[in-house]
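Chain by chain, the residues run as shown.
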Amino acid sequence: MFLDTPQKPPRTLRYVEIAFDQIKSKQNVRDVVILNDSGHPVMSTMVRDDAVQFSGPFQAIRGRLERGMSKIDPTDELLMLRVRTRTNEVLLVPDSKITILVVQNAHDYFKK
């Protein structure tokens, strides 16, 4: 009835470095934090202490969302979480072995 989710490849250090560099080079990106599977920052544009403090609440939100979603549909998974304020936008992208947190400037490109 349900399709099997495909197996995700392991993430190597090279993969993490490439992803970090690609994200960091994008326009409007202010900070990038890459977390390992236990939630500790591996790479970051922030100071280490700031990265640890910043990532903690987002890891808690991620855990709550995944638990809540599993009660609704056990076969579903969190692909991306986007939190936006007037000036900033935070993207949380979980993967098989890493989690990527991106802080970017929130700009509206719509004509008023």
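Residues numbered from 1 in each chain as written. Predicted model: local features only at pLDDT ≥ 70, side-chain atom pairs only at ≥ 80, totals over all residues. Heavy atoms only, no water.

**Q** I keep staring at the pairing of strand β1 (residues 29-35) and nothing clicks. Help me out?
**A** Of all the seven residues making up β1, six are buried; the element is thus mostly covered by neighbouring parts of the structure. Sheet topology note: the β1/strand β5 (residues 99-105) ladder contains six bridges and is antiparallel. What sits directly across from V33, in β5, is L101. Sheet topology note: the β1/strand β2 (residues 41-44) ladder contains three bridges and is antiparallel. Across the sheet, the residue bridging to I34 is M43, located in β2. Connecting β1 to the antiparallel partner β2 that follows it, the hairpin turn spans five residues, and G39 within it adopts a positive phi of roughly 90 degrees. (Buried < 20%, exposed > 50% of the residue type's maximum accessible area, 1.4 Å probe, protein only. Helix = DSSP H or I, 4+ residues; strand = E, 2+ residues; numbered from the N terminus. Pairing = 2+ DSSP bridges.)

**Q** Whenever I open this one, helix α2 (residues 48-72) confuses me. Can you help?
**A** Given 3.6 residues to a turn, an α-helix orients residues that are three or four positions apart in the same direction. The end-to-end C-alpha distance of α2 is 36 Å, a good match for the 36 Å that 25 residues give at a rise of 1.5 Å each. By the largest-angle criterion, S55 marks the main kink of α2, which is about 25 degrees, and a proline, P57, follows within four residues. Of the residues making up α2, those classed as buried are A51, S55, F58, R62 and G63. Contact partners of the buried residues in α2: β1, β2, β3 (81-84), β4 (88-94) and β5. (Expected span 1.5 Å × (residues − 1). Bend = angle between axes of the 7 residues up to and from the residue. Contact = heavy atoms within 4.5 Å.)

**Q** Sorry if this is basic, but what is going on with the environment of F54 here?
**A** Inspection of the secondary structure assignment puts F54 in helix α2. As a C-alpha pair, F54 and P41 span 13 residues in sequence and 9.9 Å in three-dimensional space. If near-sequence neighbours (up to four positions away) are discounted, F54 is found in contact with V33, M46, V90, L101 and V103.

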